[in-house]
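Chain and residue survey
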Amino acid sequence: MDGIDRWSDIHQDLLKEISKRFFSYDEYIRLGLICKEWRLKLPKTPNGNQIPWLLLPEETFKNHCYEDEEIYHLMQLPLANDETLDTHALKEEHVYHMMLPDMQKQNMVIRGSGHGWLVMVSISDGSIQMLNPFTNVSLDLPPISALPSIVKYQPDNHGDEYTFWDWEDNLSMLDSDSIHRYHVWKVIINSSPDDDSKKLMAVAIFGQLNRLAFYKAGYNRWVEFPTRDKSFEDVIFFEEKIYAVNRYGQLYEFDTKTREEGLTGGIHESRPPPNVRISPYTCRYLFGCDNGSLLMLIRHVGRPRKTKECETYKFEIFELKRNGKEWSKLVHLGNNILVIGYNSSAIISVPFLSKGNQIWFADNQTELQSSSRHPIDQDIGIFDLDDGSFQRILFLVKFFCPPVWFLP
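Bear in mind that the values here come from a model prediction, so they are computed numbers and not experimental data.

Some details on the confidence of the model for the protein chain
- Counting all residues, the mean pLDDT for the protein chain is 80, and 75% of those residues have values of 70 or more.
- Low pLDDT, under 50, characterises residues 79–92; the stretch is placed with 31 contacts to residues that sit more than four places away or in other chains.
- Contacts for the low-pLDDT stretch residues 367–372, under 50 throughout, to residues beyond four places or in other chains number 20 contacts.

As structure tokens, this is what we get:
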């Protein structure tokens, strides 16, 4: 009995180190159930669990009878050494039901994920909010009306609530529903506000021209970047800098050690990767590596048959070494996986998996976000760089809204 008591008094830091070895969420929950003292010491969010989750919308599932709550589902993909990975339909043992009442109340769409938080935009009022789905803690960011492209917001001017700079840099007017759904494409954050909310920074890709806006704790508005360039497809925080890439593959670099007057930086001296097709059917993503290198992943999407939705058929990876000026083609990721989708991009080291060198991808079709007309197939799967094979996931399940990645 004395031995059990001593285990319950284990130091909190040591228990956290032990918890980092539990990579499955259900195993992490069981760890906290060993005794009350352990449950109180463990973080609600499993900080050692880096395996990405798919956040699945409720509409596909049968009704679970949770009244007045929006039910989302976190699906954790099985580890690579598991016996089977069901690619046809959802299996209940891999799905955890989460009630997110704010998603229903404000009619939210997800526009970002990282460090254990979701970034959401309210279709109802245009507010932008961060939410930790494990703790249900939320944090407000400046709303859409505080973006640099918005000139005036008149909520009582029905049908023309927003006056904004359009894709031709002309003043236009548009209804609030369209602006709230499609004016913010992606939001990233530099860290979890749980660590230090005063150091929180965020970047948004916004507007009809896909420009960049910056937020820092204490700001009341989004600040436009020193470049008014456009057509940005991805942006990341990496080594106290912000890197962005546009649809032509041009890299941009900005310093996050900002003065009060704003950011500094602009076009990076490197040229875009050579011999890469530029079209509406290619998407670019950025990643920062532990060795200081940058990776650019180019995703090629096509329609294999007239009756099929667009799906991914090819990936290309390029590396820019620290202080380098030229991108070189990369054919192997080592013991890493790249996770990409509309809302996020991340590189994850997976020493606990038996298989790295993969790309886990979710749909990138922005226009399908929040569509409520017809459920459609999604472009979700795992690409193996070793043999060039695609493993499609949930390809017989139709969704009204695209599933998105949730990155712990």
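There's more to say after this.
Brief notes about the pairing of strand β10 (residues 171–174)
- Pairing between strand β9 (residues 162–165) and β10: four bridges, direction antiparallel. Counterpart to W165 in the pairing with β10 is L171.
- Turn length for the β9-β10 hairpin, with the two strands adjacent in sequence and antiparallel, is five residues, and the turn residue D169 shows positive phi of about 60 degrees.

Here's the deal with the side chain of S192
- With respect to the secondary-structure elements, S192 resides in the loop between β11 (184–189) and α7 (193–196).
- What makes S192 buried here is its relative accessible area of 8%.
- Side chain to side chain, S192 and W117 meet in a polar contact 3.0 Å long.
- In contact with S192, not counting residues within four places along its chain, are H115 and W117.

A few points about the pattern of salt bridges
- Across all of its chains, the model carries 13 salt bridges by this definition.
- For E269, the salt bridge identified is with K325, shortest N-O distance 3.8 Å. Here E269, found in the loop between β18 (262–267) and β19 (282–288), pairs with K325, found in the loop between β21 (311–320) and β22 (328–329); they are 56 residues apart in sequence, far enough to count as distant. Neither residue differs from the other here; E269 and K325 are each classed as exposed.

Side note on the nonpolar core
- In terms of nonpolar packing, the biggest core is built from 25 residues, with I128, L141, I144, L147, V187 and W222 touching the most fellow members.
- Those elements that provide at least two residues to this core are β5 (117–122), β6 (128–132), β9, β11, β12 (201–206) and β13 (211–216).
- With sequence-adjacent residues up to four places away left out, I128 is seen in contact with V119, M120, V121, L139, D140, L141, P142, P143, I144, V184 and W222.
- The next biggest cluster of nonpolar side chains, apart from the first, holds 16 residues, and it includes L54, I337, V339 and V350.

So, the environment of Q129
- Structurally, Q129 is set in strand β6.
- A residue is classified by how much of its surface remains accessible, and Q129, at 12% relative accessible area, is buried.
- Considering only alpha carbons, one finds Q129 and L118, 11 residues apart in sequence, at a separation of 8.2 Å.

Points about unusual backbone geometry
- One non-glycine residue, S231, lies in the positive phi region at around 60 degrees.
- Turning to its location among the elements, S231 is positioned in the loop between β14 (223–224) and β15 (232–238).
- The exposure class of S231 is buried, given its relative accessible area of 19%.
- One non-glycine residue, N357, lies in the positive phi region at around 55 degrees.
- You can see N357 is positioned in the loop between β24 (345–349) and β25 (358–361).

Thresholds, definitions, all that
What you see as residue numbers is a count from 1 along each chain, following the sequence as written. Where local features are concerned, this predicted model is filtered to residues with pLDDT of at least 70; where side-chain atom pairs are given and counted, the filter is 80 or more; whole-chain, interface and lining totals use all residues. Side-chain figures throughout are based on the complete set of non-hydrogen atoms in the structure, without hydrogens or water. The predictor attaches a confidence to each residue, and that confidence, scored 0 to 100, is pLDDT. Residue contacts are counted whenever heavy atoms from the two residues lie within 4.5 Å of one another. A pair of strands is treated as paired once DSSP finds two or more bridges between them. Runs of E in the DSSP output that reach at least two residues are strands. Runs of H or I that reach at least four are helices, and both are numbered from the N terminus. Relative accessibility decides the category of a residue: with a 1.4 Å probe and only protein chains considered, values under 20% of the type maximum give buried, values over 50% give exposed, and everything between is partly exposed. Side-chain atoms alone can form a polar contact between residues adjacent in sequence; in general such a contact is a pair of N or O atoms within 3.5 Å, and within protein one must be able to donate a hydrogen while the other accepts it. A pairing counts as a salt bridge when a side-chain nitrogen of Lys or Arg comes within 4 Å of a carboxyl oxygen of Asp or Glu. Residues grouped as a nonpolar core are buried Ala, Val, Leu, Ile, Met, Phe, Trp, Tyr and Cys residues, joined through side-chain atoms within 4.5 Å.

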